[in-house]
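This is what each chain is made of:
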Amino acid sequence: DQQVKQNSPSLSVQEGRISILNCDYTNSMFDYFLWYKKYPAEGPTFLISISSIKDKNEDGRFTVFLNKSAKHLSLHIVPSQPGDSAVYFCAARPNTGGFKTIFGAGTRLFVKA
Amino acid sequence: DTGVSQDPRHKITKRGQNVTFRCDPISEHNRLYWYRQTLGQGPEFLTYFQNEAQLEKSRLLSDRFSAERPKGSFSTLEIQRTEQGDSAMYLCASSSGTAASPLHFGNGTRLTVT
């Protein structure tokens, strides 16, 4: 069962424009949501997170929005840069037990110069 | 912070052989996780340790897989009698164990079973 879903396998955006990556989840026990970025031949690296008690968190060019009623979150990148081209994973974890993090299948972002 | 280190980076083995991977976490992190990633998928949870105790194992982890974390430092993941379906990227991650602390991943070990 896919508890975290990223329905867009890829996204192409022009440099300088906004990139919006979407994610849906099904488990109401998830309490913390994270985005990771992955370049080829490297492990995923943490990008930004949001607690379930918030609806927005911003860090520089990256903003994550959470809509708990819709069980939906999104990552906005403004302005997009060619170096942002990577695979982005949405992830979620409950606030119990081992904080086991569940990942989506990823969205490959292409930022064209 | 020297990051999470995994060894080897690549492993090619014949079906039926045993393989062992090593992970050295960030030294101050008490939690260590193993994940597996196949092409087009996100990382899938396999198991995790808090210090030296293995606290959870995924049902994905068959009895051919075993993981250890002696003395709560580095960890090893062993796969016995490898099968072609075991071919994947094996990722290790560590964290400080609070709800807000993210996972820090190593660069993974890519296993190819021929």
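Computed from a predicted structure; not experimentally measured. (Residues numbered from 1 in each chain as written. Chains lettered and ligands numbered in written order. Predicted model: local features only at pLDDT ≥ 70, side-chain atom pairs only at ≥ 80, totals over all residues. Heavy atoms only, no water.)

Enquirer: Mind laying out the sheet that holds strand E3 (residues 19–25) of chain A, listing which residues take part and the relevant values?
Expert: All names here are of chain A. Ordered in space as E1-E3-E8-E7-E6, the five strands form an open sheet in which the pairing is antiparallel. The open sheet has two edge strands with one neighbour each: strand E1 (4–5) and strand E6 (56–59). In this structure, E3 lies alongside strand E8 (residues 72–77), joined through six bridges in antiparallel fashion. Bridge pairing links Asp24 to His72 in E8. (Pairing = 2+ DSSP bridges. Helix = DSSP H or I, 4+ residues; strand = E, 2+ residues; numbered from the N terminus.)

Enquirer: Give a detailed account of the environment of Glu68 of chain B, specifying residues and quantitative values.
Expert: All names here are of chain B. Of note, Glu68 is situated in strand E7 (residues 65–68). Residues Glu68 and Phe49 lie 19 residues apart in sequence; the distance between their C-alpha atoms is 8.5 Å. Residue contacts for Glu68: discarding those within four places in its chain leaves Phe49, Phe74, Ser75 and Thr76. (Contact = heavy atoms within 4.5 Å.)

Enquirer: Outline the environment of Thr20 of chain B, listing residues and values.
Expert: Residue and element names in this part refer to chain B. Take Thr20: it is sitting in strand E3 (residues 19–24). Remark: the alpha-carbon pair of Thr20 and Phe65, spanning 45 residues in sequence, is separated by 9.8 Å. In this structure Thr20 touches Pro8, Thr76, Leu77 and Glu78, once residues within four positions along its chain are discounted.

Enquirer: Help me get a handle on the interface of chain B and chain A, residues and values and all.
Expert: Listed per partner, the contact involves 23 residues of chain B and 20 residues of chain A. Interface area, chain B with chain A, both sides summed: about 1,700 Å², of which 55% is carbon and sulfur. Run the count over chain B and chain A and you get one salt bridge. Note that Glu56 of chain B and Lys100 of chain A form a salt bridge whose closest N and O atoms lie 2.9 Å from each other. In this structure, the connection of chain B to chain A is made through six residue pairs in polar contact (both at pLDDT 80 or more). In terms of residues, the side of chain B that touches chain A owes the most to one element, strand E4 (residues 31–37) of chain B, which gives four residues. The residue makeup of the side of chain B that touches chain A, split by class, is eleven nonpolar, nine polar and three charged. (Buried area = accessible area lost by both parts, 1.4 Å probe. Salt bridge = Lys/Arg side-chain N within 4 Å of Asp/Glu carboxyl O. Polar contact = N/O pair within 3.5 Å; in protein donor to acceptor, adjacent residues only side chain to side chain. Nonpolar A, V, L, I, M, F, W, Y, C, P; charged D, E, K, R; others polar.)

Enquirer: Could you give me a rundown of the state of the cysteines, with the residues and numbers involved?
Expert: Under the defined criterion, the tally for this structure stands at two disulfides over all chains. Residue Cys23 of chain A pairs covalently with Cys90 of chain A via a disulfide, S to S 2.0 Å. Disulfide Cys23 of chain A-Cys90 of chain A: torsion about the S-S bond near -75°, hence left-handed. Taken together, the residues Cys23 of chain A in strand E3 and Cys90 of chain A in strand E9 (residues 86–94) connect sequence positions 67 residues apart. Just as Cys23 of chain A is buried, Cys90 of chain A falls in that class too. Two residues, Cys23 of chain B and Cys92 of chain B, share a disulfide whose sulfurs are 1.9 Å apart. Note on the Cys23 of chain B and Cys92 of chain B pair: the S-S dihedral is about -70°, so by sign convention the disulfide is left-handed. A residue pair is termed long-range when its members are at least 10 positions apart, and Cys23 of chain B in strand E3 and Cys92 of chain B in strand E9 (residues 88–95) qualify at 69 residues. Accessibility expressed as a relative area gives 0% for Cys23 of chain B, which makes it buried. (Disulfide = S-S within 2.5 Å. Buried < 20%, exposed > 50% of the residue type's maximum accessible area, 1.4 Å probe, protein only.)

Enquirer: Hey, could you go over unusual backbone geometry for me, with residue numbers and the actual values?
Expert: In the segment running from Val78 of chain A into Pro79 of chain A, the intervening peptide bond is cis, with an omega of -15°. Looking at the secondary structure, you find Pro79 of chain A in the loop between E8 and E9. The omega torsion across Asp7 of chain B and Pro8 of chain B is -5°, close enough to zero to call that bond cis. Relative to the elements of secondary structure, Pro8 of chain B occurs in the loop between strand E1 (5–7) and strand E2 (10–13). In this structure, Ala41 of chain A is a non-glycine residue whose phi angle is positive, near 65°. Note on placement: Ala41 of chain A falls in the loop between strand E4 (30–38) and strand E5 (45–51). Overall, Ala41 of chain A belongs to the exposed group, its relative accessible area being 56%. In the Ramachandran plot, Lys71 of chain B falls in the positive-phi region, its phi being about 60° despite a non-glycine side chain. Here Lys71 of chain B shows up in the loop between E7 and strand E8 (75–79).

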